[in-house]
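# Observations on the model geometry
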Amino acid sequence: MMKRKDDFLSKREDSDHSSDYSLEILYDDSFEDRPLDDRSPKGDGRSRRKKKKKRLPMQRWKKITLGVVTTLLVIIIGIAGSFFYLRAQGEKNLKTDLSDVEDTPETRKEGLFITYKGKEYQYNEDVINFLCLGIDNSTPVEQANEIKGQGLADAIILVSINVESGKIKILAVPRDTYVPVKVYNDEGKFLREKNMQLTLQYYYGKTAEDSCELMVNAVSNLLFKVPIQRYCAINLEAIPILNDAIGGVDVQVLEDVEVGGKPYHAGDILHLQGKMAEDYIRDRNTDVFASSMGRLERQKQYMTNYFATAMAQVKGDLTLPVSIYQSLQGNMYTNVSVEDITYLVPELLDVALTAEDMSMIPGEVTQPDEHEAYMVNSEQLKELVVNFFYVEVL
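These notes cover the structure that comes with them. Think of each chain on its own: its residues are numbered from 1, step by step along the sequence as written. Selection of residues for local features in this predicted model requires a pLDDT of at least 70, selection of side-chain atom pairs for listing and counting requires 80 or more, and totals for whole chains, interfaces and linings are taken over all residues. Side-chain numbers here rest on the full set of heavy atoms in the structure, without hydrogens or water.

Below, the discussion takes up the sheet that holds strand E8 (residues 230-234). We call two strands paired when DSSP finds no fewer than two bridges between them. Comment: elements are numbered from the N terminus, with helices defined as DSSP H or I runs of at least four residues and strands as E runs of at least two. Ordered by their spatial adjacency, six strands build an open sheet running E13-E8-E3-E4-E5-E14, and the pairing between neighbours is mixed. Edge positions in the sheet fall to strand E13 (332-334) and strand E14 (358-360), since each has one partner strand and no second. Averaged over neighbouring strand pairs, the angle between their axes works out to 20° when direction is ignored. Direction of pairing for strand E3 (residues 127-135) relative to E8: parallel, over a ladder of five bridges. Its bridge partner lying in E8, Cys132 is registered against Cys232. The criterion used for residue contact is that any of the two residues' heavy atoms lie within 4.5 Å. Comment: axis = line fitted to C-alpha atoms, over the contacting stretch for helices; angle = value between 0 and 180 degrees taken between N-to-C directions. Set on the sheet, helix H11 (residues 378-389) makes contact with E3, strand E4 (153-162), strand E5 (167-172) and E14; between it and E5 the angle comes to about 155°.

Right, dumping it as structure tokens:
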């Protein structure tokens, strides 16, 4: 019995040595590269295991490091790829491509080509136009058109960006500009066209989208069918949000005006915050003839100063335009997309807007009835449109 036990123990020890040898052959390096004592059959198995334990943590560290670096590279490439994709999509969506358009009597498309003083001009495809509307209503924009009295377009501004030259121009359109307005009933059925103040066209849309599209068509028709690629309508609640998002705006008062319940006089310096901005660009004395024109000048001034302040802020935080865009939800309706913003922000970083870059539709204020009307000088307007939006066909 004792002999059997000894035999059993002997076989167990042999088995253990065999197991140690099987671990030894898992080395990553070649047999020739191993230390001499490891290659010797007399080497200590425990010594070999100890050396292997020292190597494994290093291998694991390398694998973890490689995994982290790879993950970071994937994320960086993904972000960069997304950015360039969004920019490419924004450019494709915004720019007007005239490469395949032929200017013949049969194929001529209104707005893309224009004749002025015997010369032919084509639309400058590097120019992108945004119609900006300020709606006289505090109701959420998308809900306002579902109830009676949805508001009028108090501010009508066309912003034109030349992405090739890096220049920006602003064309102010007086709210009382007399144009053919499409009239609809409460069910959204078209009734007729009637010459009225442009501000009324927004009222006749059944939805926010309808109202914006009607305004785009009316302004485009006024400007000899010039293309308008994007629009944005904001209500009164959006003005303080926009103003405070960039830390407020400084202005030198242009005329006597009431802001925040206090009277201010021409020459006073104001730092507009919160509702002060709304008061400054909306206040007017309705008892004074053509007072809306003085208000329009204040709106132009505010936009110039706002743009300069905003550009300085954006250079320090490129995500600011997207943050503002998101904060305006409910108080804004627009067809401007994230792709559009991603494309345009880098294009505008070095753009400066001055008073010389701002113009107004040429014309004069009249009062044919109880309401004022702004009558356009068509010949002067056509010259302005050609200079703003077109290049001569050579």
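It is at 7 Å that the axes of helix H7 (residues 275-282) and helix H8 (residues 291-316) come closest, and there the two elements cross at 135°. In terms of axis orientation, H7 runs oblique to H8. Residues Ala277, Tyr280, Ile281 and Arg282 of H7 form the contact with H8, whose participating residues are Arg295, Arg298, Gln299, Gln301 and Tyr302. Only Asp, Glu, Lys and Arg are considered charged in this grouping, and only Ala, Val, Leu, Ile, Met, Phe, Trp, Tyr, Cys and Pro are considered nonpolar; every other residue, Gly among them, is considered polar. Of the residues in the contact of H7 with H8, the class split is four nonpolar, two polar and three charged. Comment on the angle field: the value is read as roughly parallel under 35 degrees, roughly antiparallel over 145, roughly perpendicular from 65 to 115, and oblique elsewhere.

This part covers the side chain of Asn235. Inspection of the secondary structure assignment puts Asn235 in the loop between E8 and helix H6 (238-245). Relative accessibility under 20% of the residue-type maximum defines a buried residue, over 50% an exposed one, and the middle range a partly exposed one, all with a 1.4 Å probe and only protein chains included. For Asn235, a relative accessible area of 2% puts it in the buried group. Counted as a polar contact is a pair of N or O atoms within 3.5 Å, where, for protein atoms, one must be capable of donating a hydrogen and the other of accepting one, and residues adjacent in sequence contribute only when both atoms are in side chains. At 3.1 Å, the side chain of Asn235 forms a polar contact with the backbone nitrogen of Glu237. With sequence-adjacent residues up to four places away left out, Asn235 is seen in contact with Ile135, Asn137, Ser138, Thr139, Pro140, Val141, Gly330 and Asn331.

Quick look at the state of the cysteines now. Whenever a pair of cysteine sulfur atoms sits within 2.5 Å, that pair is classed as a disulfide. Scanning the model with the defined rule gives zero disulfides in all. The thiol of Cys132 is not disulfide-bonded; the next cysteine sulfur, from Cys232, is found 5.9 Å away. Residue classification places Cys132 among the partly exposed positions, given a relative accessible area of 28%. In this structure Cys212 is a free cysteine whose sulfur lies 7.9 Å from that of Cys232, the closest cysteine sulfur available. In this structure Cys212 comes out as buried when scored by relative accessible area, which is 0%.

Consecutive side chains along a regular strand alternate between the two faces of the sheet. When E4 meets E5, the two strands line up antiparallel, connected through six bridges. By the bridge assignment for E5, Ile161 is matched with Ile168. In sequence, E4 turns back onto E5 through a hairpin of four residues, with Gly166 there showing a positive phi of about 75°. The sheet contact formed by E5 and E14 spans three bridges and is parallel. Bridging across to E14, Ala172 finds its partner in Met360.

With that settled, the discussion passes to the side chain of Thr304. Looking at the element boundaries, Thr304 is found in helix H8. Judged by relative accessible area, which is 13%, Thr304 ranks as buried. At 3.0 Å, the side chain of Thr304 and the backbone oxygen of Lys300 are in polar contact. Sequence-distant contacts of Thr304, that is, excluding residues within four places in its chain, are made with Leu353, Thr354, Ala355 and Met358.

Structurally, Leu394 is set in the segment after strand E17 (390-392). With a relative accessible area of 96%, Leu394 lands in the exposed category. For the pair Leu394 and Tyr121, spaced 273 residues apart in the sequence, the C-alpha separation amounts to 8.7 Å.

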